[in-house]
Amino acid sequence: MSKRAVDMTFQAIYTLTDIRILLRETAPSHEFDIHQEAQLVRLLENLERQVGSLKQEMLK
Amino acid sequence: MKCGSGIEARQVDELFINIDPIQAGGRLTADAMKAIIAYGDGYSVCDNCRKPNRLDYISKPPIAEFHKDVASWLNMAAVRTVPGARRGFQAVAQTYVNKGDPVLLTSLSHYTEFLAVEGAGGIAREIPANDQNLVTPDAAAEKIEAVKKEYGRAPVLAFIDHVDYQYGNIHDVAGITKVAHQYDIPIVYNGAYTVGILPVDGRALGVDFVVGSGHKSMAAPAPSGILAATAEREKEVFRTTAIVGDVTNRKFGIKEPEIMGCTLMGATLIGMMASFPHVKQRTKHFDRELANHRIVMDALLSIEGTKCLSEYSRKHTMTRIDTIASFDKVAESHKKRGYYLQSALEERGITGVIPGATKVWKFNTYGMTTKQAEHLGRSFEAIARENGIAVKGAD
């Protein structure tokens, strides 16, 4: 197992934490304005990339 | 969803607008949540603890630097982290109060200040608040004189809350301090609702100690807080240990008895540290918080019979409201009785009001977005209208 796998695990949790904050800021409706939507898209893309890297590192 | 055996994952702030009066300023920043994930283990901040082996000397993570930064931010000489403001009160009380000593509190003081005095053997003497629920320098002078008459000496210490927990009113700490210092009474500034919320300058206020609450107002996990002291008082409250074991002849270096050595470790400290840069910034923008609070207050006060029991216009985002002649009237005949208000608020995604409370209750809008404040204000008006209470300016 690599340091990179550990880093990616933390990164993914941190990205999810940023999504959690977005949920808090928009409670209770969770309706996003244009900036929040763009932020969410960016966070989800990061998350996919981080989980992808994690798969590569841990399942190789 | 469970996060442990029998422990439901708490999702209150993700699903609701939370107006609980004591929770608002302690909600974590994203950085605090992230730091806690990395430093949740018990002794996590101690990996690089080197001689002289004390928490506030650790440089990795930058705990030493954090202590200096907080002291400078509060314009005080020295800071220690403590497990909650109450432990700060306790450290000061144990230093200055002996059995039978009179100690000055106020009629709006938090109970933990009383307990700190009691624990040290002191006797509580309260400065009464006036009919506007404000504690004034004149009332402080009068009470000190009364104590002198009763005990033949002035109180040995005074605890003054800058913003009290009951009304969220702002009291003239600088004025009271000026009076107390004429009698050589050291002042403990209780900043549980200000440190981390508003700018606080200990030197400008003239106080001897500043106590802040991490979990109430510094976006930190519980229990956490800070105790700051002036250069003069630092040597007294942060004195180092002198005890020696008679069998082992052991001594304990530079550990401080009032702080119990290294008190605030792991997740609590790292959470407070991670939030600190954001907390420093947010105190500069309290006007935005007051603007959001005004939106909600305007809505509440447009509901016939509703009164603000706190000083008005508001200078803080925690407010005590009287709805005896509005929401409580509905409770008399509503099938859910007093619980209808909480239930109607929850249907609209709002939580934090004490279940069943329709008479006198408190709320806090700190940290809300403007959109959330507008939703909250509209919700109060809508609940009033639905229950036949007149709303000013409504169609």
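Here the structure is a predicted model, which means the values were calculated and not measured.

Trainee: In this structure, what is going on with the domain arrangement of chain B? I would like to understand it.
Mentor: When the parts of a complex come together, some accessible area is lost, and that lost area is often taken as the interface size. Residue and element names in this part refer to chain B. As assigned here, chain B comprises domain 1 (2–23 + 285–386) and domain 2 (28–283). Relative placement of domain 1 and domain 2: their C-alpha centres are 30 Å apart. Counting residues at the interface gives 12 residues for domain 1, matched by 14 residues for domain 2. Counting residues per element, the side of domain 1 that touches domain 2 draws most heavily on strand β12 (residues 318–322), which supplies three residues.

Trainee: Quick question: what am I supposed to make of the environment of N46(A) here?
Mentor: All names here are of chain A. Note that N46 resides in helix α2 (residues 34–58). Residue N46 is classed as partly exposed on the basis of its 16 C-beta neighbours within 10 Å. As a C-alpha pair, N46 and L16 span 30 residues in sequence and 9.8 Å in three-dimensional space.

Trainee: Would you take a moment to explain the interface of chain B and chain A for this structure?
Mentor: Every contact between the two is made by 12 residues of chain B and, on the other side, 12 residues of chain A. Elements supplying a minimum of two residues to the side of chain B that touches chain A: α1 (12–15) and α2 (30–39) of chain B. Per element, the largest residue contribution to the side of chain B that touches chain A is five residues, and it comes from α2(B).

Trainee: Help me understand the sheet that holds strand β11 (residues 307–308) of chain B, please; the structure alone is not making it clear to me.
Mentor: The strands that make up a sheet are held in pairs by hydrogen bonds between backbone atoms, and each pair lies either parallel or antiparallel. Residue and element names in this part refer to chain B. Strand order in the open sheet made by the three strands is β11-β12-β14, with antiparallel pairing throughout. Bordering the open sheet on either side are β11 and β14 (360–364), each of which pairs with just one other strand. In the sheet, β12 pairs with β14 via five bridges, with the strands oriented antiparallel. Among the inter-strand pairings, I321 is bridged to a residue of β14, identified as W361.

Trainee: In this structure, what is going on with the pairing of strand β8 (residues 187–190) of chain B? I would like to understand it.
Mentor: Working note: regular strand, side chains alternate between the two faces of the sheet. Residues and elements named next belong to chain B. Side chains of β8 alternate between two faces, with I187 and Y189 and V188 and N190 buried alike. Pairing of strand β7 (residues 158–161) with β8 involves four bridges; the strand directions are parallel. Across the sheet, residue I160 finds its bridge partner in β8, namely Y189. With helix α7 (residues 173–182) bridging β7 and the parallel β8, this β-α-β connection has right-handed handedness. Across three bridges, the pairing between β8 and strand β9 (residues 209–213) is parallel. Residue pairing for β9: V188 is matched across the bridge by F209.

Trainee: Looking at this structure, I do not really get the nonpolar core. What am I missing?
Mentor: Residues and elements named next belong to chain B. Residues L157, V188, Y189, F209, V210 and A228 are the most contacted members of the largest nonpolar core, which totals 87 residues. Of the residues forming this core, the biggest block, eight residues, is contributed by helix α11 (residues 266–282). Leave out the neighbours within four places in its chain, and Y189 touches I160, H162, V173, G202, L205, V207, F209, V210 and V211. Of all hydrophobic cores here, the second largest spans 26 residues; its members include V296, L300, L345 and I350.

Trainee: How should I be thinking about the packing of helix α6 (residues 137–151) of chain B against α7(B) in this particular structure?
Mentor: A pair of packed helices can be characterised by two numbers: the angle between their axes and the separation between those axes. Residues and elements named next belong to chain B. At a minimum axis separation of 8 Å, α6 and α7 run at an interaxial angle of 25°. Taken together, the axes of α6 and α7 are roughly parallel relative to one another. Read as a crossing pair, α6 and α7 show a hand that is right-handed. Contacts from P137, A140 and A141 in α6 reach G175, I176, K178, V179 and A180 in α7. Grouping the constituent residues of the contact of α6 with α7 by class yields six nonpolar, one polar and one charged.

Quick notes on the rules
- Residues numbered from 1 in each chain as written.
- Chains lettered and ligands numbered in written order.
- Predicted model: local features only at pLDDT ≥ 70, side-chain atom pairs only at ≥ 80, totals over all residues.
- Domains from an automatic or database assignment.
- Contact = placed C-beta atoms within 7 Å.
- Helix = DSSP H or I, 4+ residues; strand = E, 2+ residues; numbered from the N terminus.
- Buried ≥ 20, exposed ≤ 12 C-beta atoms within 10 Å, placed from the backbone.
- Pairing = 2+ DSSP bridges.
- Right-handed = clockwise from strand over helix to strand, strands pointing away.
- Core = buried A, V, L, I, M, F, W, Y, C linked by C-beta atoms within 7 Å.
- Axes fitted to C-alpha atoms, helices over the stretch in contact; angles between N-to-C directions.
- Parallel < 35°, antiparallel > 145°, perpendicular 65-115°, else oblique.
- Left-handed = near helix turned anticlockwise from the far one by under 90°.
- Nonpolar A, V, L, I, M, F, W, Y, C, P; charged D, E, K, R; others polar.

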